[in-house]
Amino acid sequence: MLAKYIGRRLLYSIPGLIGITIIIFLALRILPGDPLAILYGEGGRENLTAADIAEIKRQLGIDRPLYIQYADWMKDVFTGKMGESFWRGDSVSELIIRRGPLTAEIAVVAVLVSWIIGLPVGILGAIKQNSMADYISRFLTIIFLAVPSFWVAILVVVVSLLAFNYRPPLGIIQIWEDPFTNLQIVLAPGIVLGLATSAYIARMARTTLLEVIRDDYVRTARAKGLPERLVVLRHALRNALLPVLTLSGVLFGLLLGGSVAVETAFTVPGLGTALVQAFTERDFVVVQNLVLLYGIIFVFVNLSIDLMYAVLDPRIRYD
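Procedures and definitions
Residues numbered from 1 in each chain as written. Predicted model: local features only at pLDDT ≥ 70, side-chain atom pairs only at ≥ 80, totals over all residues. Heavy atoms only, no water. Helix = DSSP H or I, 4+ residues; strand = E, 2+ residues; numbered from the N terminus. Buried < 20%, exposed > 50% of the residue type's maximum accessible area, 1.4 Å probe, protein only. Contact = heavy atoms within 4.5 Å. Expected span 1.5 Å × (residues − 1). Bend = angle between axes of the 7 residues up to and from the residue. Arc of directions from axis to C-beta. Phe/Tyr/Trp six-rings, centres within 6.5 Å; stacked < 30°, edge-to-face > 60°.

> I'd like a rundown of the environment of D134, residues and numbers included.
Positionally, D134 belongs in helix α6 (residues 132-146). Exposure remark for D134: the relative accessible area of 0% places this residue in the buried category. Measuring from C-alpha to C-alpha, the distance between D134 and R206 comes to 9.5 Å, with 72 residues separating the pair along the chain. Once you skip the residues sitting within four places of it in the chain, D134 turns out to touch G125, K128, Q129 and R206.

> If you had to explain helix α8 (residues 179-212) to someone new, which residues and values would you point to?
Here α8 contains 34 residues, and its C-alpha end-to-end distance of 42 Å is more than 12% below the 50 Å for a straight helix at 1.5 Å per residue. Along α8, the largest kink reaches about 30° and is centred on V186; proline P189 follows within four residues of it.

> I'd like a rundown of helix α4 (residues 66-79), residues and numbers included.
Helix length check: α4, at 14 residues, gives a terminal C-alpha distance of 20 Å against a target of 20 Å (1.5 Å per residue), a fit within 8%. Among all positions of α4, only Q69, Y70, W73 and M74 are buried. Looking straight down α4, one finds that the buried residues subtend no more than 135° of arc, so they occupy a single side. Looking at α4, the residues exposed on the side facing more than 90 degrees away from the buried face are Y67, F78 and T79.

> Kindly report on the packing of aromatic side chains, identifying the contributing residues and their values.
Scanning the model with the defined rule gives one aromatic pair in all. Measuring from ring centre to ring centre gives 5.4 Å for F25 and Y70, while their planes differ by 75°; the resulting arrangement is edge-to-face. Taken together, the positions of F25 in helix α1 (residues 2-30) and Y70 in helix α4 put the pair 45 residues apart, joining distant regions of the chain. Pair check on accessibility: F25 and Y70 agree, each one buried.

The structure is reproduced here in structure tokens:
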């Protein structure tokens, strides 16, 4: 039954992924700007003859009808080639292999930080409802919700430079090459993103826990004489985590989008930085494949979260 459910969910996700490919494909070609002007500059493009322009467009593959370009892209995706960058000549698959681990590490750090900070704050606010601790936690969550993560990232960079004369390492350094240097690269962006998402986790955890602790089975556990700590952690929190897990899946999509700005602020050479650079250069192949990759990751993360429901709540069955 579980395999059938997974297959059905993956099947349902196909129209959404196809929609993503169509939207990003058309958007990149509708936006103003000429790739040749970016490649050669306005002055350089004017010196090109019509034959030169036609030959360059043929080499870039943008002289064909749109439906043929889209079909060729889909063929490359299904064969795993994913094409090559217009300007640098390296393949998109190599770009993902080289830069993807840094973005993945930042996302993992951000998720851990959001749960480590957000979940205890939410639990404290629910247990100590309308106390001073609850008011302080709610005030802090509002602050972190209101402040953009990229602004916090710029502030951290400026303060680190001016106050401590500290500059994070530059370049692509993987964790298996130099763990300490790699940690310096990904830790600050991960914490900045994690602080922003921890506010959502805290508010959701507080709201759902307040609802659960008023249920009959929680009152029964208290009546049996169980300590309040066990009542909350063993009984109430387990059911209260289901909406928090759902929110975490949505927030993971925000982390992927937010990593673009934060990586740029910290000059981390991850996929977010590559996406910004490719979009500026109108590098169609790179932008298309990276956005599609983000969509695929988002689908699988949400599927994994749905499967975790059965672990937390045995009443859930995937028939």
